[in-house]
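# A look at the structure
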Amino acid sequence: MKIGVLAVQGDFAEHIAKIKSAGHTAFEIRQPKDIPVSIDGLILAGGESTAMKKLLHDLGLFDPMRELIISGLPVFGTCAGMILLAKRIEDEKENCFGTMDITVRRNAYGRQLGSFRCVDKFNGKNIEMPFIRAPYVTDTGSNTEILGIHEGRIISVRQDNQLAAAFHPELTGDDTVYDYFYSMIAGNSVR
Ligand code: GLN
């Protein structure tokens, strides 16, 4: 599989290492010419969603990437990446890609003490989950499948070819969430 990782800001390098360790091809997307003709999946890493949004526009990546997502290319957003996909961001007028029918609350666990690790379920399986100034989901559309809830808050969701997690699976030794994404890709090859 060939998986592109948005590499303008945030912890994209950890995602690339994960993809490569599973034997797949990973590449950085920093500008439109980095998007190849054939691509199987896209990862939006954690970081700072406001900075990423600005860079996506400044670098001319916003339109081509949004088109890919809308065309059905499987995409996986972690933490800030989940915010980029969300149709609604609480207390903000504008979304970013806005392709996933969820409402997110940014820095939902508090700004300073909002980072923690826990073990909880993703798609029914217990895995380690690092949260770093994480959002959570406060509302979902009818077409959205909830894959994980931690202490009553929705933390992982899927809608068609889009997957989003509030935590950082790239910072653990567990591949469960990636394997889920790879099987999404395998079931829905694009182009
Ligand atoms: N707090 C960040 C934001 O709102 C997300 C943090 C993260 O990706 N670890 O964009």
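For the structure, see preceding data.
Residues numbered from 1 in each chain as written. Predicted model: local features only at pLDDT ≥ 70, side-chain atom pairs only at ≥ 80, totals over all residues. Heavy atoms only, no water.

Positive phi outside glycine occurs at R133, with the angle close to 40°. Mapped onto the secondary structure, R133 falls in the loop between β8 (125-131) and β9 (136-140). A relative accessible area of 33% means that R133 is categorised as partly exposed. Its identity is not glycine, yet E151 carries a phi of approximately 45°, on the positive side. Position of E151 relative to the elements: it lies in the loop between β10 (145-150) and β11 (153-159). On the basis of relative accessible area, E151 is assigned to the exposed category, the value being 68%. (Helix = DSSP H or I, 4+ residues; strand = E, 2+ residues; numbered from the N terminus. Buried < 20%, exposed > 50% of the residue type's maximum accessible area, 1.4 Å probe, protein only.)

So, on to helix α1 (residues 12-21). Taken together, the buried positions of α1 are occupied by F12, H15, I16, K18 and I19. With its buried residues spanning 160° around the axis, α1 presents them on a single face. Looking one or two residues beyond α1, the residue adopting positive phi is G23, at roughly 85°. (Arc of directions from axis to C-beta.)

Glancing now at the site of the ligand. All residues in the neighbourhood of the ligand are listed as G46, G47, E48, S49, C79, A80, I83, R106, N107, I132, R133 and H168. Note that an oxygen atom of the ligand is positioned 2.8 Å from one of the backbone N or O atoms of G47. The contact in question runs from an oxygen atom of the ligand to an N or O atom on the side chain of R106, over 2.7 Å. Contact with the protein chains hides 98% of the accessible area of the ligand, taken as 300 Å² for the molecule alone. Among the cavities detected, the one that contains the ligand is the largest pocket. (Near = heavy atom within 4 Å. Polar contact = N/O pair within 3.5 Å; in protein donor to acceptor, adjacent residues only side chain to side chain. Areas by Shrake-Rupley, 256 points an atom, 1.4 Å probe, with all protein chains shown as cover. 1 Å grid on protein atoms, 1.4 Å probe; cavity = no way out; pocket = protein on both sides within 12 Å on 5 of 7 lines; lining within 4 Å. Sits in = over half its atoms within 2 Å of the grid points.)

On to the layout of surface pockets, then. Space inside the largest pocket adds up to approximately 150 Å³. Along the wall of the largest pocket there are 13 residues; nearest its centre are G47, E48, C79, I132 and R133. Here the residues of the lining of the largest pocket are counted per class, giving four nonpolar, five polar and four charged. (Points joined across faces, edges and corners; volume = space filled by probe spheres on them. Nonpolar A, V, L, I, M, F, W, Y, C, P; charged D, E, K, R; others polar.)

With that settled, the discussion passes to the packing of aromatic side chains. Scanning the entire structure with this criterion turns up ten aromatic pairs. With centroids separated by 6.0 Å and ring planes inclined at 55°, the aromatic side chains of F131 and F167 adopt a geometry described as tilted. Here F167 lies in the loop between β12 (162-165) and α5 (176-187) and F131 lies in strand β8, a separation of 36 residues in the sequence. Its relative accessible area of 1% is what places F131 among the buried residues. (Phe/Tyr/Trp six-rings, centres within 6.5 Å; stacked < 30°, edge-to-face > 60°.)

Under the criterion given, the structure shown has ten salt bridges. R106 is the partner of E48 in a salt bridge, and the nearest nitrogen-oxygen pair spans 2.7 Å. Highlighted residues: E48 in the loop between β3 (41-44) and α2 (49-58) and R106 in the loop between β6 (100-105) and β7 (116-122), separated in sequence by 58 residues. Residue R106 is classed as buried on the basis of its relative accessible area, which comes to 18%. Taken together, the salt bridges that share partners define one network made up of E48, E92, R106 and R133. (Salt bridge = Lys/Arg side-chain N within 4 Å of Asp/Glu carboxyl O.)

So far we have only geometry, and geometry alone does not tell us how the molecule works.
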